[in-house]
Amino acid sequence: YNYEFIKDMAGLLSDFKEIILVYKPKRGPGSREFSCADGLKNLLKQLSSGGRTIVLEHDINPWFAIAMADICVSIPFISASVAAVHYEKIGIFHDPLNVVHGHRYWEFQELITHSYGELKKKMAEYLYAKKRIGDILDEASLRKIQGRFPKENSSGRFREYLASA
C-alpha cells in the first residue's frame, strides 16, 4: 500500500513540474513494527536523487512537514491531512488501491481520492486555482475537520478530536 502511495506521489512529480515532494515516513527503516519493502526503499532513493523530493527523518516533528506544505496528501486517515486543513491548507486522503470504503468519514468525501486519476484531477484543481481551501471549507461538514479554532495551535483539542473520531 505504501509503495503504491509513493508511486502515485512520483506520478504527481512527473505530471506537475512545479511541485516538490516532502515525505515524512511514519517509522524508521529499522523499526521492528514496520518493514520497508525493497521496492519502496528503491523508489524513495530514486525520488530523492531527482532533486525535487525531500525525505525527512521519521522522528522529526511532524508539524515541520505540514508547515512546509501547501498541499498535504496522506494515506487515509492519518492526522497530517487533518492538521493541514486545520491550518487552512489543502489536505487530501489518498487511497491508491481503492480499498478504503468502510469508514466513518463519508462527510469528507471532497478530501478523499481512490485512484491516481482522481488524485491528479484534484491536484490540478487545487494547483491551478479552480478550488481553494475556502471553497472546500464552505461545506459545513468540512468545517468539522478544521475545528472551531482554525489555525490555533491547540494540541489538546486536536488530540480530543482524533480520539473521538
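Please read these numbers as outputs of a predicted model, since none were measured by experiment.

Q: Summarise the packing of helix H1 (residues 2-15) against helix H5 (residues 116-127); cite the residues concerned and give the values.
A: H5 packs onto H1 with a crossing angle of 45° between their chain directions and a minimal axis gap of 11 Å. As the angle between them shows, H1 and H5 are arranged oblique. When the axes of H1 and H5 are compared, the crossing they make is right-handed. Residues Asp8, Met9, Gly11, Leu12 and Asp15 of H1 lie in contact with H5, whose contacting residues are Tyr116, Leu119, Lys120 and Met123. Its residues assigned to classes, the contact of H1 with H5 comprises 5 nonpolar, 1 polar and 3 charged.

Q: Just give me the short version of unusual backbone geometry, but keep the residues and values in it.
A: A cis geometry characterises the amide bond from Pro76 onward to Phe77, with omega recorded as -10°. Structurally, Phe77 is set in the loop between strand S3 (71-74) and helix H4 (79-86). You will see that Asn98, though not glycine, has its phi angle at about 55°, which is positive. Of note, Asn98 is situated in the loop between strand S4 (90-94) and strand S5 (112-113).

Q: Any chance you could break down H5 for me, citing the residues and the numbers?
A: Across its 12 residues, H5 extends 16 Å between first and last C-alpha, which sits within 8% of the 16 Å expected from 1.5 Å per residue. The complete set of buried residues in H5 reads Leu119, Lys122, Met123, Glu125 and Tyr126. Axial view of H5: buried residues confined to an arc of 160°, hence all on one face.

Reading the values: rules and limits
- Residues numbered from 1 in each chain as written.
- Predicted model: local features only at pLDDT ≥ 70, side-chain atom pairs only at ≥ 80, totals over all residues.
- Heavy atoms only, no water.
- Axes fitted to C-alpha atoms, helices over the stretch in contact; angles between N-to-C directions.
- Helix = DSSP H or I, 4+ residues; strand = E, 2+ residues; numbered from the N terminus.
- Parallel < 35°, antiparallel > 145°, perpendicular 65-115°, else oblique.
- Left-handed = near helix turned anticlockwise from the far one by under 90°.
- Contact = heavy atoms within 4.5 Å.
- Nonpolar A, V, L, I, M, F, W, Y, C, P; charged D, E, K, R; others polar.
- Expected span 1.5 Å × (residues − 1).
- Buried < 20%, exposed > 50% of the residue type's maximum accessible area, 1.4 Å probe, protein only.
- Arc of directions from axis to C-beta.

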